[in-house]
Amino acid sequence: MSKIIIVFASMTGNTEEIAEAIADGVREAGIEPVFKSVMDANGQELEKYDGILLGAYTWGDGDLPDEFEDFYEEMDDLNLQGRKSAVFGSADSSYAQYGAAVDTLETKLAALGAEKVLDGLKIELNPSKEEKQFCVEFGKKFAASLGALN
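Fair warning: this is a prediction, and the values are worked out from it, not measured in the lab. (Residues numbered from 1 in each chain as written. Predicted model: local features only at pLDDT ≥ 70, side-chain atom pairs only at ≥ 80, totals over all residues. Heavy atoms only, no water.)

**A closer look at the UniProt feature "domain: Flavodoxin-like" (unreviewed entry) in the protein chain**
- Residues annotated in UniProt with the feature "domain: Flavodoxin-like" (unreviewed entry) correspond here to residues 4-143.
- With 34% helix and 21% strand, residues 4-143 has its two end C-alpha atoms placed 8 Å apart. (UniProt positions renumbered as here; feature names shortened; annotations may be inferred. Helix = DSSP H or I, 4+ residues; strand = E, 2+ residues; numbered from the N terminus.)

**Re the nonpolar core**
- Core analysis: the largest hydrophobic core is formed by 24 residues, its most contacted members being Leu46, Leu54, Phe68, Phe71, Met75, Leu80 and Leu109.
- Of all elements in the fold, only β1 (4-9), β3 (51-56) and α3 (100-111) reach the threshold of two or more residues within this core.
- With four residues, α3 is the single largest residue contributor to this core.
- If near-sequence neighbours (up to four positions away) are discounted, Leu109 is found in contact with Ile52, Leu54, Met75, Leu80, Ser85, Val87 and Ala114.
- Counting residues in each nonpolar core, the second largest holds 22 residues, with Phe8, Ala21, Ala86 and Ala143 among its members. (Core = buried A, V, L, I, M, F, W, Y, C linked by side-chain atoms within 4.5 Å. Buried < 20%, exposed > 50% of the residue type's maximum accessible area, 1.4 Å probe, protein only. Contact = heavy atoms within 4.5 Å.)

**Let's talk about the pairing of β1**
- Across the six residues that make up β1, a large majority, six, are buried.
- Judged by which residues are buried, β1 turns out to be covered on both faces: Ile4, Ile6 and Phe8 on one side and Ile5, Val7 and Ala9 on the other are all buried.
- Where β1 lies against β3, six bridges are found, and the strand directions are parallel. Paired with Ile5 across the strands is Ile52, a residue of β3.
- When β1 meets strand β2 (residues 34-37), the two strands line up parallel, connected through four bridges. When the sheet's bridge partners are listed, Ile5 is paired in β2 with Val34.
- Regarding the hand of the β-α-β motif, the stretch spanning β1, helix α1 (residues 14-28) and β2 is right-handed. (Pairing = 2+ DSSP bridges. Right-handed = clockwise from strand over helix to strand, strands pointing away.)

Here is the structure:
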């Protein structure tokens, strides 16, 4: 059975809502994901999983949230070859950098050898009912991408 971890940072609850909907989709596909706030996770844990889903809101001028910084640095020496990955987050179009934290995490995962299986998911602020359903489908598609590992 494939192992999937979902690690996220959420200040207002928007990214957590997205993460929960994605986790629902992963569950619907038959995999129980490990679901963690970035504050309760360690970057080195990622090597234990076949699938990695990271979620972060974008802060300030396109930055990762402060609470994601340590985790991001802990990822530096990982080898994520053979792992599947995708990134998601809430974004705010009133800022010049729309959802840049998603792009930052995608770049980091790629540099560590992870295979991006879905384009980064950026949702304006809090997800609507329709967007939550899209997140569920995102989770299902991600789990399906690990099909060969099951």
